[in-house]
Amino acid sequence: MEQTWQLSNPIIGIVIVIATFVLFYAVSYFSNRASKSVEDLYAAGGGVGPVTNGLAMASTYMSLATFLGVTGLILNLQVPFVMLWIQMILAIPLITIIYGTSLRRMGAFSPTHFVRERYGVTASIIAALFMILVSIMYALGQMIGIAVTFETLLGIPYITGLIVGGILIVGYVTIGGMSGATNNAAIQMVIIALMFIVPLGAIMKAMGGTGWYFPPLLYADMVPAMLEAMPSFFDYQYSSKWYFAIIPALTIGSLGLPHLAMRIYTASSLKSARQAMVWFALVLGLVFSATYAMGFAGVYYTQISGVEISSADADKLTIILNLVYNPEWVTALVIAGAISAGLSTLSGNLLAIGALISQDIVTTLKPNLTSKSKVRLGYISIAMGGLVSVLLAFNPPEFLTVSILWAFGLAGVTNAPLIMMGVWWKEANRYGAMAASVVGGILYIIVSPFVFPNIVVSGHALTDGMGLSGAMLCVPLSFILLIVVSYITNRIPALQKNLPTKADHKLIERIHGWNDVNPARYNSTFGAFLITAVSIAIFVWALMPWQF
């Protein structure tokens, strides 16, 4: 008989859920009372301090998958998951270094705003449509996680938990705007860290670990016991190609995620944005390390106890360990941390969807809308994004992390090349941007197992499902198309009259902090062709047979 993993006393869970939502709704309401403009709604007026912003960045990036899906993925991948985690930790610092401060000087609400200024309206609408899909898929994972959490917490059916949780979350995000989301996210990050790391210490102590007082790193004292219980845990069972594929899928993919980049624009200054990175890296490093330690403990538990956790319950590994080793009230607090993680990431996702629909599509097509109409449209767009995420979650993928990781790859294909080359190479133009986004994006969707299951790249279900193989194929293709098409069309006289070359060059110089325009800056033909040559090599390698 399959074991049912849930709280035996749902009253504890109900009290925790009610208290959590009351707190977050209150913070949302009082934070966003003064929002009267789109700057207030999407960027909190650009007045957030470094500590709050750093905590909010970490919380937004954390996601509910940190508590649920990720530990389940470690149960399947074991030590190779460390490589995935390293790439994801690099994301926001790289955003800041590569283009965050440049776009901050420009006063953009989102990366798509930059695409509109740099490549024109048509390119920005194409990018916005892809980014809406990215944000919805990312939000989908959170909605699934919330429903699974409610199912475990209260013993209610998945669909009921999805509907109830979805309504509560959409209301919370819509009321709060970016100001409410940021303040709540900082609070949620503290809750996440405490409710993950402290119970993990108790679990490790019960398992006999002597480093239980600092779980993020000192779980290492349990390594000899793990090697005895499962000698293959630390085997890197995949080929070098698999590990390389993580870079285009997750590192470059992260650079294109709109809800992460939006956090850069909430900072009160460029100095504040850079300082926020320190807090982000510190807090994120602690919790991400603890997440891997939790997965380590979960694998160890299954080996020493002989308990088999079904694939349907793999996402609940964190909760299962707490149910086994800790009192139920502790498990209820852990679930509160999981809900906080889901709420924080969903806030960022839904705000990104709101900005994409209202600012990057509707306002672009109808620029004469009043400020009041833009704000109202923003609230409606946020609510619509939440509703779509709930509807898609009715028939979810097997692992809740799959939709999230796949979304990383799509962002890396359709958005990141446009921004990176647009910021650092003057010759990038609208024709190259549209070709890269449309062709790369469509191909990435085609080779995913979600649309056409028979069309795959690697033939390895988990690799294709996470978007690793698709991103390794399509991200270099996007760079190739962007560079080659831009280079050729810039030299066709009939097309040059449609290219605002001088305005583009002036924009690039300005966002880098220059007051003058120097034709030699950010205009290297050698650099562009070197990137093209490397991209061609990676594209060909991705097409070659995959070995595992």
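Criteria and thresholds
Residues numbered from 1 in each chain as written. Predicted model: local features only at pLDDT ≥ 70, side-chain atom pairs only at ≥ 80, totals over all residues. Heavy atoms only, no water. Helix = DSSP H or I, 4+ residues; strand = E, 2+ residues; numbered from the N terminus. Buried < 20%, exposed > 50% of the residue type's maximum accessible area, 1.4 Å probe, protein only. Contact = heavy atoms within 4.5 Å. Areas by Shrake-Rupley, 256 points an atom, 1.4 Å probe, with all protein chains shown as cover. Phe/Tyr/Trp six-rings, centres within 6.5 Å; stacked < 30°, edge-to-face > 60°. Core = buried A, V, L, I, M, F, W, Y, C linked by side-chain atoms within 4.5 Å. Patch = residues over 30% accessible without salt bridge, like charges linked within 9 Å, V, L, I, M, F, W, Y side chains within 5 Å. Salt bridge = Lys/Arg side-chain N within 4 Å of Asp/Glu carboxyl O. Axes fitted to C-alpha atoms, helices over the stretch in contact; angles between N-to-C directions. Parallel < 35°, antiparallel > 145°, perpendicular 65-115°, else oblique. Left-handed = near helix turned anticlockwise from the far one by under 90°. Nonpolar A, V, L, I, M, F, W, Y, C, P; charged D, E, K, R; others polar. Expected span 1.5 Å × (residues − 1). Arc of directions from axis to C-beta.

**A few points about the overall build of the chain**
Okay, step 1: Counting secondary structure elements, the chain contains 26 helices and zero strands.
Okay, step 2: Taken across its 548 residues, the chain has 61% of its residues classed as buried.
Okay, step 3: In the chain, of all internal contacts separated by at least 6 residues, the share reaching a separation of at least 24 is 85%.
Okay, step 4: For the chain, the accessible surface area stands at approximately 19900 Å², while carbon and sulfur atoms represent 68% of it.

**Things to note about the packing of aromatic side chains**
Okay, step 1: Per the stated rule, a full pass over the model turns up ten aromatic pairs.
Okay, step 2: Arranged with centres 5.1 Å apart and planes meeting at 55°, the rings of Y219 and F296 form a pair that is tilted. Note that Y219 is positioned in the loop between α10 (215–218) and α11 (223–229) and F296 in helix α15 (residues 270–305), a separation of 77 residues in sequence.
Okay, step 3: Using a relative accessible area of 1% as the deciding quantity, one classes F296 as buried.

**Some thoughts on the nonpolar core**
The tendency in soluble globular proteins is for nonpolar side chains to be buried side by side.
Okay, step 1: Of all hydrophobic cores here, the largest spans 104 residues; its most connected members are M143 and I339.
Okay, step 2: Counting residues per element, this core draws most heavily on helix α8 (residues 121–154), at 19 residues.
Okay, step 3: Once residues within four sequence positions are removed from consideration, M143 is found in contact with L162, G166, I169, V170, L346, G386, S389, V390 and A393.
Okay, step 4: Among the nonpolar cores identified, the runner-up in size contains 28 residues, and I74, I203, F233 and F296 belong to it.

**A closer look at a nonpolar patch on the surface**
Okay, step 1: Residues V51, W212, Y213, F214, L217, L218, V278, W279, L282 and L286 make up a contiguous nonpolar surface patch of about 930 Å² in total accessible area.
Okay, step 2: Looking at the nonpolar patch element by element, the count peaks at four residues for α15.
Okay, step 3: Tracing the sequence through the fold places V278 in helix α15.
Okay, step 4: Using a relative accessible area of 58% as the deciding quantity, one classes V278 as exposed.

**Examining the packing of helix α21 (residues 430–447) against helix α23 (residues 468–489)**
Okay, step 1: Interhelical geometry of α21 versus α23 gives an angle of 160° and a closest axis separation of 8 Å. As the angle between them shows, α21 and α23 are arranged roughly antiparallel. Both α21 and α23 take part in a crossing whose hand is right-handed. Here Y431, G432, A433, A435, A436, V439, G440, L443, Y444 and V447 of α21 lie close against α23, whose contacting residues are G470, A471, L473, C474, L477, S478, L481, L482, V485, S486 and T489.
Okay, step 2: Among the residues making up the contact of α21 with α23, the classes are represented as 15 nonpolar, six polar and no charged.

**As for helix α26 (residues 525–543)**
Within an α-helix, residues lying three or four positions from one another point in the same direction, as the helix has 3.6 residues per turn.
Okay, step 1: Spanning 19 residues, α26 covers 27 Å between terminal C-alpha atoms, matching the ideal 27 Å at 1.5 Å per step.
Okay, step 2: When we look at burial in α26, the residues that qualify are A528, T532, S535, I538 and A542. Projected down its long axis, α26 carries its buried residues within an arc of 130°, all on one side.
Okay, step 3: Looking at the buried side of α26, the elements it contacts are α12 (240–244) and α23.

**A closer look at the pattern of salt bridges**
Okay, step 1: The tally for this structure, following the rule as stated, stands at five salt bridges.
Okay, step 2: Taking the shortest distance from any N to any O, the salt bridge between R118 and D504 comes out at 3.5 Å. Note that R118 is positioned in helix α7 (residues 111–119) and D504 in helix α25 (residues 501–511), a separation of 386 residues in sequence. Here the two residues R118 and D504 agree in accessibility, since each one is buried.
Okay, step 3: One salt-bridge network, in which partners are shared between bridges, spans K426, E509, D516 and R521.

**Remarks on the packing of helix α13 (residues 246–255) against α23**
Okay, step 1: It is the contact of α13 with α23, at a shortest axis distance of 7 Å, that shows an interaxial angle of 70°. On the basis of the axis angle, α13 is roughly perpendicular to α23. Judged by the twist between their axes, the crossing of α13 over α23 is left-handed. On the side of α13, the interface is formed by I246, P248, A249 and I252, while α23 contributes L468, A471, M472, V475 and F479.
Okay, step 2: By residue class, the composition of the contact of α13 with α23 is nine nonpolar, no polar and no charged.

**Considerations on unusual backbone geometry**
Okay, step 1: Unusually for a residue other than glycine, Y522 sits at a positive phi of about 50°.
Okay, step 2: By secondary structure assignment, the location of Y522 is in the loop between α25 and α26.
Okay, step 3: Overall, the relative accessible area of 19% leaves Y522 in the buried class.

**Observations concerning α13**
Okay, step 1: Judged by how many residues are buried, α13 sits mostly within the fold: nine of ten residues are covered.
Okay, step 2: Listing the buried residues of α13 in full gives I246, P248, A249, L250, T251, I252, G253, S254 and L255.

**A look at the environment of I538**
Okay, step 1: Position of I538 relative to the elements: it lies in helix α26.
Okay, step 2: Considered as a pair, I538 and C474 are 64 residues apart in the sequence and their alpha carbons are 9.7 Å apart.
Okay, step 3: The residues touching I538, leaving out its near neighbours within four places in the chain, are F244, M472 and P476.

**Focus on the side chain of E427**
Okay, step 1: Take E427: it is sitting in the loop between α20 (416–424) and α21.
Okay, step 2: Among residues more than four places away in sequence, those in contact with E427 are R118, S486, Y487, N490, R491 and N523.

**Notes on the environment of M106**
Okay, step 1: One can find M106 in helix α6 (residues 91–106).
Okay, step 2: Along the primary structure M106 and I511 are separated by 405 residues, whereas in three dimensions their C-alpha atoms are 5.8 Å apart.
Okay, step 3: For M106, the contacting residues outside a window of four places in its chain are H113, F114, E117, L507, R510 and I511.

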